[in-house]
Every structure is written in structure tokens, then in C-alpha cells.
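# Notes for the structure review
One-letter residues, chain by chain:
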Amino acid sequence: MIFSRRSFLQSATATLFTSTLTQLASAALAKDSLRRLMNLDLSCGRIGVKADQKQAIDYATQYGFEAVVPEAGYLGKLSDSQLDELKAEMKEKKLVFSAAGMPVDFRNEESKFQQGLQSLPAYATALERAGVTRTGTWLMPTHAELTYNANFKRHAKRLKAVSRILADHGLRFGLEYVGPKTLWSSKKYPFIHSMPEAQELIAAIDVKGVGLILDSWHWYTAHETKDDILSLTNDQIVAVDLNDAPKGLEIDQQIDQKRELPMATGVIDLASFLNALNQIRYDGPVRAEPFNAELRKMPADQAVAATATAMKKAFALIN
């Protein structure tokens, strides 16, 4: 009789404790979803992990990401039924596609650009069919031969042609400015390396859906503040990269290929960066892009796990 009563009380207590934990976790998740619209994005290539689309989806599921980078080449080869199965799998795993790359070489000779432009519609069709709505690329902030004005005109003309094709397929197009002085001053003619300059290019392109890719690293190295982000709207931002910077260097001494995972050093004010984005209700992907040598040496699963931990720690700053 005593044993049964004791067992009952222990069982009831354990059940109550488990139920309380479950309720607290559910409440925390609900509060988090109300607190932010941006999603935790896994970009394997940006952390040095080689993974095909299916493996990336598995990694994202295993380590708690909410979005994954789409691969147009893989998606374009799927039959309608296979694509439906993939979409159903992602819905079950509460994953969405984030932002794809833009494959056209617009930085070099005209022949390469035209060749890439011819293949872009098929690429865009594959993404559109899979429900992808975001793409992006980066801008080289310097040139050995072209003056700022000549380079600007070439970028505006070429990227307008690219943007029109992407827009025809429902794809927004993000442009990422690159901020470090060590890079934009490395050749004869500096080019776009700040948010206002990138916005001038976007205005010159003048195609709906063209916006910014914001990177905390470039925001920091461009000496920008949360007020610069607060001057934007959600519609002006296509994707976001999140990084930290090495300690012991002045801002203008930072080197682009030597970054840190978010929250690794605290050099970049990620609280201000993320909360400014949240204040304007940014609702797109946020991914890590640290170009970090130590991270790239890790086994794939460890690198993804380390990235997930860093990103979740950063997202905890959002209030």
C-alpha cells in the first residue's frame, strides 16, 4: 500500500515536471516566433562544408536550422512528383528554401557575361518551380583598370539585364557590398563598398525586387551603425550574413577572408545589428559566412554544429 502510494506520487511528480518543461519550451518557441520573423539559414558552402541538397536538408534538420540554401542544378533535374516529395519533406521538417546564388559572370569580359546571361532563364526557372524567391551576389569593391564611374555604368547595365530575367521568374535579387578597406584600396580604382553606394547602384538598375544583402562584417568594416539599417525597409533587404571579427585589429585593418563565427569575439555589435533588422521586421534568411580556416578544417557535422550553436547564441540577442 505504502509502495503503491509512493510510486504514484513519484510518477505524478515526474509527469507534472515533464509537462511543465514541455509547456515552458512551447511558450519559449511561441515567444521566439513572435519576437522575430527572420529565419536561421544553413549555407553549407559558406562554412566550408561540402553537401548536396539532400545532405544539407538533413544537416539543417539535425542541428535546428529553419532554412537551407537551394541548389538550382539539383532542383531543375527533379520530376514533378520528386519535387512534390521534396517540398512535402521540407514542410514536415519545418524548413524553407532561402536565397540561391546568381551564376552569371558579370565582372569580366563581355563574352562570358553574354554566355551566362543566355543560361540564366533555365536556372531561374528551376528556382521558380521549387518556390524559391530570393537570389544574390556580391560586388567586387575595386578594379585595376576601370574608374568608379566606368565600373558603375557597366554594373548598372549588366545587372539590369540580369535583374529583369530574375524578376520575370519571381526572384528578388540581392547585392552585397564588400566593406574592408584592405580590399577596396588594394587596386588602383576603389568601387562600391558601403550601403549608400550599393543603394545608388540599385536605383540605377531600377528593377523591382533588387535589394541589398547585408553582412554584419561589411556593415562593421564600412563603419556603419544601426541607424543605417533602421533607414531601410524589409522590402529593401533580400538576405543577411552574420559574422564576427578577429580581435586586436582596427576596423580598417580587418582582412576579408579572416572572419569569425557570430559571437566568437564580440568585436562586432551583433545585438545592435540583429535588433535593428528585427525592428524593421526583416523576414528573410540569416546565414553565417565566416571564411574561417579553423572551421573549414572541422569534420562536416562538427562544423555545422558549431555554426548552429553560434547562430542560436546570436539570435538569443533579439528582443
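Here's what I pulled together on the structure shown here. (Residues numbered from 1 in each chain as written. Predicted model: local features only at pLDDT ≥ 70, side-chain atom pairs only at ≥ 80, totals over all residues. Heavy atoms only, no water.)

## Notes on the overall build of the chain
Along the chain, the regular secondary structure elements total 13 helices and 11 strands. Each of the 319 residues in the chain was classed as buried or not, and the buried ones make up 46%. Of the roughly 15800 Å² of accessible surface on the chain, a fraction of 55% belongs to carbon and sulfur atoms. (Helix = DSSP H or I, 4+ residues; strand = E, 2+ residues; numbered from the N terminus. Buried < 20%, exposed > 50% of the residue type's maximum accessible area, 1.4 Å probe, protein only. Areas by Shrake-Rupley, 256 points an atom, 1.4 Å probe, with all protein chains shown as cover.)

## Quick notes on the packing of helix H6 (residues 148–168) against helix H8 (residues 195–205)
Two elements in contact, H6 and H8, have axes separated by 9 Å at closest approach and are oriented at 55°. For the element pair H6 / H8, the angle class is oblique. Seen along the crossing, H6 lies across H8 with a hand that is right-handed. In contact with Tyr148, Phe152, His155, Ala156, Leu159, Lys160 and Ser163 of H6, H8 contributes Glu197, Glu200, Leu201, Ala204 and Ile205. Within the contact of H6 with H8, the residues separate by chemical class into 7 nonpolar, 2 polar and 3 charged. (Axes fitted to C-alpha atoms, helices over the stretch in contact; angles between N-to-C directions. Parallel < 35°, antiparallel > 145°, perpendicular 65-115°, else oblique. Left-handed = near helix turned anticlockwise from the far one by under 90°. Contact = heavy atoms within 4.5 Å. Nonpolar A, V, L, I, M, F, W, Y, C, P; charged D, E, K, R; others polar.)

## Here's the deal with the environment of Lys208
In this structure, Lys208 sits in the loop between H8 and strand E9 (210–215). The class of Lys208 is exposed, set by a relative accessible area of 81%.

## Details of the environment of Gly266
With respect to the helices and strands, Gly266 occurs in the loop between strand E10 (237–242) and helix H11 (270–279). The exposure class assigned to Gly266 is exposed, which follows from its relative accessible area of 54%. Considering only alpha carbons, one finds Gly266 and Lys247, 19 residues apart in sequence, at a separation of 8.5 Å.

## Brief notes about the sheet that holds strand E7 (residues 172–176)
In spatial order, the strands read E3-E2-E1-E11-E10-E9-E7-E5-E4; together these 9 strands make up an open sheet with parallel pairing. Only two strands of the sheet have a single partner each, and these edge strands are strand E3 (96–97) and strand E4 (99–101). Note: strand E2 (residues 67–68) against E3, 2 bridges, orientation parallel. Counterpart to Val68 in the pairing with E3 is Phe97. (Pairing = 2+ DSSP bridges.)

## Observations regarding the pattern of salt bridges
By the definition in use, this model includes 13 salt bridges. Between Asp58 and Lys93 there is a salt bridge, with the nearest N and O atoms lying 3.4 Å from each other. Taken as a pair, Asp58 in helix H2 (residues 53–62) and Lys93 in the loop between helix H4 (80–92) and E3 lie far apart in primary sequence, 35 residues in all. Exposure remark for Lys93: the relative accessible area of 28% places this residue in the partly exposed category. (Salt bridge = Lys/Arg side-chain N within 4 Å of Asp/Glu carboxyl O.)

## Observations regarding the packing of aromatic side chains
A complete count under the given rule lists 3 aromatic pairs for this structure. Between Tyr148 and Phe152, the ring centres sit 6.3 Å apart and the planes meet at 20°, which makes this aromatic pair stacked. One end of the pair, Tyr148, and the other, Phe152, are both in helix H6, 4 residues apart, so they sit about a helical turn from each other. Its relative accessible area of 16% is what places Phe152 among the buried residues. (Phe/Tyr/Trp six-rings, centres within 6.5 Å; stacked < 30°, edge-to-face > 60°.)

## Examining the pairing of E10
Within E10, 6 of the 6 residues are buried, which leaves the element mostly enclosed by the surrounding structure. Examined bridge by bridge, E9 and E10 share 4 bridges and lie parallel to one another. Across the sheet, Asp215 pairs through a bridge with Asp241, a residue of E10. Pairing of E10 with strand E11 (residues 285–288), which is carried by 3 bridges, proceeds in the parallel orientation. Opposite Asp241, over in E11, you have Arg287 as the bridge partner.

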